[in-house]
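Chain by chain, the residues run as shown.
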Amino acid sequence: MENFTPYLSLAGGVLIGISASILMYLNGRIAGISGIVAGVFTAPSFAEKAWRIAFVIGLVLGGAVYMHFFPITIAPREFMSTALLVLGGSVIGVGTAMGNGCTSGHGICGISRFSLRSLVATATFLLSGMITVYVFKQITGG
C-alpha cells in the first residue's frame, strides 16, 4: 500500500465535513456536488448561480493549489481512451440524476442527518463501484 496516507485522508475528511457544515449553516444548502453543478445551469436567479459557480471554482482552485504545493506524478492508463472516459462520466451523471444525488450529498450530508434514503443510496453507490471494479478487472485482466 504505497499510497496509504491516513493523516492526509483524515485531514481531507475533516475539511470536507467542516466545509459541508459551513455551507449548511450559512446557506441552508447541502454540499452535493452533482446538485450544485446542475444548479449552475438550471438555477432561476443570478444569486443562486453565483454561489454555485464560486463553489465549483473553489473545488478546482483548491485542487490546483494542493497540486502546486504537493506535486504528485500520476501515470496515465494507456488503455483508457477519451471516449471511454467520456462514456464513464456520462454514466455517472445519469446515475446521480437517477439517485437524486451523489456520494457527497448522500454520503456526507445525508448520512450525517440520519437520512435512511441517503444510507441506502450510499450503500448502493459503494456496492455498484465494487462490482464495477471487479467486472472491469476480470474483463481487462488488470
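Residues numbered from 1 in each chain as written. Predicted model: local features only at pLDDT ≥ 70, side-chain atom pairs only at ≥ 80, totals over all residues. Heavy atoms only, no water.

Caption draft 1: Quick look at the environment of Leu-126. Here Leu-126 lies in helix α6 (residues 116-140). Note on Leu-126: relative accessible area 53%, which makes it exposed. Between the alpha carbons of Leu-126 and Leu-116 there is a distance of 15 Å; along the sequence they are ten residues apart. (Helix = DSSP H or I, 4+ residues; strand = E, 2+ residues; numbered from the N terminus. Buried < 20%, exposed > 50% of the residue type's maximum accessible area, 1.4 Å probe, protein only.)

Caption draft 2: Examining the packing of aromatic side chains more closely. Applying the stated criterion across every chain, the model contains one aromatic pair. Considering the side-chain rings of Tyr-66 and Phe-70, the 5.0 Å spacing of their centres and the 35 degrees angle between planes classify their relative orientation as tilted. (Phe/Tyr/Trp six-rings, centres within 6.5 Å; stacked < 30°, edge-to-face > 60°.)

Caption draft 3: Here's a closer look at the state of the cysteines. Scanning the model with the defined rule gives zero disulfides in all. In this model Cys-102 remains outside any disulfide bridge; the closest cysteine sulfur is found in Cys-109, 9.0 Å from its own. Classification of Cys-109 as buried rests on a relative accessible area of 6%. (Disulfide = S-S within 2.5 Å.)

Caption draft 4: Molecular detail of helix α2 (residues 33-42). Every buried residue of α2 is accounted for by Ile-36, Gly-39 and Val-40. All buried residues of α2 lie within an arc of 110 degrees about the axis, which places them on one face of the element. More than 90 degrees from the buried face of α2, the exposed residues found are Phe-41 and Thr-42. (Arc of directions from axis to C-beta.)

Caption draft 5: Up close: the pattern of salt bridges. All chains considered together, the criterion is met by two salt bridges. Close ionic contact of Arg-29 with Glu-48 constitutes a salt bridge, the shortest N to O distance being 2.8 Å. With Arg-29 in the loop between α1 (6-27) and α2 and Glu-48 in helix α3 (residues 46-69), this pair connects stretches of sequence that are 19 residues apart. Overall, Arg-29 belongs to the partly exposed group, its relative accessible area being 32%. (Salt bridge = Lys/Arg side-chain N within 4 Å of Asp/Glu carboxyl O.)

Caption draft 6: Focus on α3. Compared with the 34 Å implied by 1.5 Å per residue over 24 residues, the 34 Å span of α3 between its first and last C-alpha is a close match. Regarding α3, the residues found buried are Glu-48, Trp-51 and Arg-52. Packed against the buried residues of α3 are α1 and α2. (Expected span 1.5 Å × (residues − 1). Contact = heavy atoms within 4.5 Å.)

Caption draft 7: Quick peek at the packing of helix α5 (residues 103-112) against α6. One way to put it is that α5 packs onto α6 with a least axis distance of 9 Å and a crossing angle of 135 degrees. Of the possible angle classes, the one that applies to α5 and α6 is oblique. When the axes of α5 and α6 are compared, the crossing they make is left-handed. Every residue of α6 that contacts α5 at Thr-103, His-106, Gly-107, Gly-110 and Ile-111 is listed here: Arg-117, Ser-118, Leu-119, Ala-121, Thr-122 and Phe-125. In the contact of α5 with α6, the residues fall into four nonpolar, six polar and one charged. (Axes fitted to C-alpha atoms, helices over the stretch in contact; angles between N-to-C directions. Parallel < 35°, antiparallel > 145°, perpendicular 65-115°, else oblique. Left-handed = near helix turned anticlockwise from the far one by under 90°. Nonpolar A, V, L, I, M, F, W, Y, C, P; charged D, E, K, R; others polar.)

So yeah, pure geometry; function would need other evidence.
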